[in-house]
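This is what each chain is made of:
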Amino acid sequence: MSARALLAVAIGLLVILPAARTNAAPAATPQRGGTLVVTLDADPPTLNPELSVLNQTFWTADQIYETLVSYDASFKPVPRLATGWSVSPDGKTYRFTLARNVKWHDGVPFTSADVQYTFGVFGPKYSPYYKTVLAALDAVDAPDANTVTFRFSKPNGVLLSLLGEPAFVILPKHLFEAGDPRTNPANNQPVGTGPFRLKEWVRGDHLTFVRNDQYYQAGLPYLDQVIYRVIPSSASQVAALEQGEVSMVLATLLPNDARRLRNTPGIKVVSPSVLARIIGLWPNLRAEHLKQLRVRQALSLAADRPRMVDEIAFGEGAAARGPVASTSPYFDSTLPVINRDVPAANKLLDEAGLKRGPDGTRFTLRLRHVASLDTFAKTAQVLKENYADIGVRVDIIAAETSTTLTAIFVNSDFDVAVYSAPMGPEPGLALTQYLSSQGLTKAFFSNAPGYQNLKVDQLIAESVSTTDQAKRGAIYRQIQRMIMADLPVIPLWEPRFLTAYRTDFENVFTQPDDRYINFTRTWHHSR
Amino acid sequence: MRPYWVRRLLQAIPLSIGVVVLTFVLIHLAPGDPIATLAGEQSTAQYQAQLRHDLGLDRPLHVQLLRYLGSVFRGNLGYSFTFGQPVLALILGRTPATLLLMGAALVVSAVLGVWIGVETATHARSPAWGVASAAVVVSYSLPTFWVGEILILIFAVRLRLLPIVGMTSLAGYTGLAHWLDLGRHLILPTVTLVSFNLALFARLTRASMLEVLAQEYVVVARAKGLPARMVLYKHALRSALLPVITVVGLNLGSMLAGFVLVETVFGWPGLGRLTFDAVGARDYPVISGLFLLTSEGVIVANLLTDLLYGFVDPRIRYA
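The residue count restarts for each chain, going from 1 along the sequence in the order it is written. Written order decides the labels, with chains lettered from A and ligands numbered from 1. It should be noted that, the model being predicted, local features are given only for residues of pLDDT at least 70 and side-chain atom pairs only at 80 or more, the latter also being counted only at that level, while totals for whole chains, interfaces and linings use all residues. Remark: hydrogens and water are excluded; side-chain values derive from all non-hydrogen atoms of the structure.

Q: Can you walk me through the interface of chain B and chain A in this structure?
A: Where interface size is given, it is often the accessible area lost as the parts come together that is meant. Contact criterion: two residues are considered in contact whenever any of their non-hydrogen atoms come within 4.5 Å of each other. At the interface, 47 residues of chain B touch 48 residues of chain A. Of the roughly 3900 Å² buried between chain B and chain A, counting both surfaces, carbon and sulfur atoms make up 54%. The three residues of chain B that bury the most area against chain A are E41(B), Q42(B) and L170(B), which together make up 21% of that side's buried surface. The term salt bridge refers to a side-chain nitrogen of Lys or Arg lying within 4 Å of a carboxyl oxygen of Asp or Glu. Summed over the shared surface of chain B and chain A, the result is four salt bridges. The buried area of a pairing is the accessible area, by a 1.4 Å probe, that goes missing from both parts when the two are put together, added over both.

Laid out in C-alpha cells, this is it:
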C-alpha cells in the first residue's frame, strides 16, 4: 500500500469514526430535560396564528396551539388533534375523530365545539387565509364531543394539505367567544392544547415556553423549555449559534454562512422545504413588448440561471425549470433544463422586429424589486448584465416592500419584477390567486402579470377540487407545461430556507418545511 | 409673569400639534400601504378590502387625521395590528431600553470626549495626542453597524468575554446578578455608539478650548500662579462647554437615528428598532406615536439644555 493510499485510509477513518458515533446517537433513548434556544429575526406580531400571516407567529405559536393534522417528513398528513378522518366519495364531506382527554392549558376540556367555533365562526370573519382555502365551506357540524364534519358546497381536494398549516390551529372557544377577538388578551397570552405553555414574553428580547406537564401524549414533550431569542441581524444570529448562546438559527441562515457552518463540527445545516419558492421574473403582459411571447422567450433564454445559483445562493439552491419548485411533490420533472442561449434569444428578438438602435439597445425595461431582499437585488443585477447581451437595457427600481408591492400589484407600474409567489403546499390555491382570471383584482398578491388563459383557469379550478392526489398531480403537471409555454412568469431559480442547529439536540427538524416546525419530540443529550 | 420654563412648555403645545399633523400627512403621502404587509401573500381581495375598512383606511385623509387628533387628545395613541398592542404601551415598553443605552453612551462619550478634547487642545504638539485625535476621527468615520459586528466578532465570538445580543441573558438572574448581567450586555452597544459620538464631543471641546485658552482671563489665572489643572478644568473648560452643550442638545434627535442600526445589530429591544420595523410595515399609528413622543422628547431635551446653560454659566438669566 502506497503512502498516499495509507493516508487516504487514515483520513477516511478520521471522517468515518466520528460520523459513526453521531449516526449512532439517534438510536439512543430520548432524555428528558434541556432548553432549546431558537433565533427569531423579529418579534411575532401576535401569538394567535389565525390572525397572523408571519412565520414568527407560526414558528412560535405552533408549539402552544395545535392543528387537526400534521405532516411527516414526506408531507403525508398524520394525526394530531384529529386521530382519524374519512372523506366522502364526492369530496364534499370530511369527517374527523378527535383525540380524547385533551385539555386546554387552563384545564377546560377540548371538544368538537372548539373546532366548530374555530372553522365556523372565527375563521370566516378574521383569518386572512380562510377565504382563499375554505371559501366553499358550508357548515361545520359537531354530532358529538369527539367528532366534527366539514361540509363543502363543491368538492375540496386540498383540505388535508392545508389543515396542518399553523394558520389553522384550533382556538379555545371559551376564551374567544366574547368581545373583539383581534384585541383579545389571549392573542398575547395564548391558552392552547399543545406541548408547551407560554411562561414569559419580553417584547423585542425573548419568549420563554415551558413544558406542559398535563400534555395528553404521555411522556411528551422531552424538553423543559423552548426559548425564542429575537436577534434581527443575521451575522449576530450565526455568531450566537457558534458561541453556543443559541441552539438553532431557524430558516434565516444566509447561504455563505451555511456553506461555512456545514464544515463546523457540532453544527448541522438542513433545509426541508416542501413549500419552496421560485424566484422569477414577472412580466407585465400589458407592457408593449412583453405582450409578445417571443420577447418573453428571449428573456427566459438569456437568463443565466446557474450563475444565479452559484453566485447568489453559493450553490444552496437550484436552477428553476418551471413555476413549481423541485422540492414540491407536484414538481413536473419532465420539464427541460433551460440553458442560456444568447444567439437564440437575439434571433427571437430580431424576429419580433425589435431592431438594435445605434447604441446597440433594442428597448428598455423598468425592473422593480423589494430592496431589502438581498437575493432579489442580486438576481436583478445578474439579469441586467444578462440582458445587456441581447440589447435589452434594464433600469432597476428598488424600493422598500410596501412601495414596491403597491407599484406591482395595485398600480401595474412596472415592466418586469423580480418576485416570488408562495406555490406550496398546494399550487392550485396560489395559482388561482396569482395566475388565473379570478386573480385579476388589482389587490395585493393577485395576478400582477395580467395573464388570462381560459384553459389554465379551468385546469386550476379542476386541481383544487380533485381529491385523488395522483390525479391532482397530473393536472398540476399539465398546468406547469402550459405556463412554461405561455411564460406569464419566467422562473429563474429556487432559493433554500436554511436552518442550522447544534447537534447535541435530536429530532430537531423532522417536518417537511420550517412552516411546520415543532419541538414536541425534540430532546437534548445531557453530557 | 410666568417663569421661563412654563412659557417654554406652553409653546410646546402648538409645536406638538404641528408635529402630529405634519408627520401624519407625510406618512400617508409616502408611497406604500400597510395592507401590503398586514394582509399576507395568501389573502384574497375581499379580505384586503375588509381589513382596509376595519382599520379605517378607506376614509378620506382629513377624516382619518381628525379622528387621530381626537384620540390623541384623549390620551389614546391607537392600536397597532402589526405588533398586537396598544401603541402607547408598545412605545413605553421599549423606552427604558433606549434610555438606558442612550444614557450610558452619552455619559461615556461626554466624559471621554471632553477629556480628549481638553488634552488635545493643550497638547497640540504632542504626537501621542495627535494619534488619539486622529483615532477619534477614524472611529467617527466607520459605519456603526460594521463597528458593532467587528466588536461582536472579537469580544463575543473569538474571546467569548461578552454576550452577543439582547439586554439580559436567558438565565434569568435576580438582584445584583441581574444588574451585573445587564451591565455586561450594555458594554458592546455602548462602545459602538461611543465610537461614533465621541468625535462630536472631542472635536467640539477641542475647538472651543483653543478659543477660550487664548482669552485674557486664562492668562491672568495662570499669571496668578494657579495650578495648570485648575485653570484648565475650572476656569477654561466651564466656558468652553457652553457650545458643546448646545450642539449635543440639538443633536439628541439625530442621535436616535444611530440607535436604529445599533439596536438591530445587538438585538437591543428599544425604540430605534421599533421605528425601523414600524416604518417597514407602514404601521401608521406606531410611526405617528413614535414621532409624537420623540419630538416631545427633543422639546424637553432642548428645554433642559437651556436650563443647563444657567447652571454652567450663572451670568445667563431668563427673564
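Q: It is not clear to me how the pairing of strand 9 (residues 206-211) of chain A should be interpreted in this structure. Could you clarify?
A: Along any regular strand, the residues point their side chains to alternate faces of the sheet. Residue and element names in this part refer to chain A. A 1.4 Å probe rolled over the protein chains alone gives each residue an accessible area, and that area as a share of the maximum for its type sets the label: buried under 20%, exposed over 50%, partly exposed in between. Helix numbers and strand numbers start at the N terminus; a helix is a DSSP run of H or I with at least 4 residues, a strand a run of E with at least 2. Strand 9 sits mainly inside the fold: six of its six residues count as buried. Note that strand 8 (residues 196-202) and strand 9 share six bridges and pair antiparallel. Across the sheet, L198 pairs through a bridge with F209, a residue of strand 9. Once strand 8 ends, the chain turns through three residues before running back antiparallel as strand 9, passing G204 with a positive phi of about 80 degrees. Strands qualify as paired when DSSP identifies two bridges or more between them. As judged from the five bridges shared by strand 9 and strand 10 (residues 225-230), these two strands associate in the antiparallel manner. Counterpart to V210 in the pairing with strand 10 is Q225.

Q: Looking at this structure, how should I read the confidence of the model for chain B?
A: A low pLDDT means the predicted coordinates there should not be read in detail. Across chain B, pLDDT averages 85, with 98% of residues at or above 70. Both scores are available for the predicted complex, with the pTM at 0.84 and the ipTM at 0.81. As a per-residue measure, pLDDT tells how confident the predictor is, with possible values from 0 to 100.

Q: How should the packing of aromatic side chains be read in this particular structure?
A: The geometry of two aromatic rings is summed up by the distance between their centres and the angle between their planes. All names here are of chain A. Between 30 and 60 degrees the pair is tilted, below 30 it is stacked and above 60 it is edge-to-face, where a pair is any two Phe, Tyr or Trp rings, Trp via its six-membered ring, whose centres lie within 6.5 Å. Tallied over the entire structure, the rule returns 26 aromatic pairs over all chains. Arranged with centres 5.8 Å apart and planes meeting at 80 degrees, the rings of W282 and Y419 form a pair that is edge-to-face. A residue pair is termed long-range when its members are at least 10 positions apart, and W282 in strand 13 (residues 279-283) and Y419 in strand 17 (residues 416-419) qualify at 137 residues. Between F444 and F445 the ring centres are 6.1 Å apart and the planes differ by 45 degrees, which places this aromatic pair in the tilted class. When sorted by exposure, F444 lands in the same class as F445, which is buried. In this structure an aromatic cluster arises from ring pairing among W282, F409, Y419, Y434, F444 and F445.

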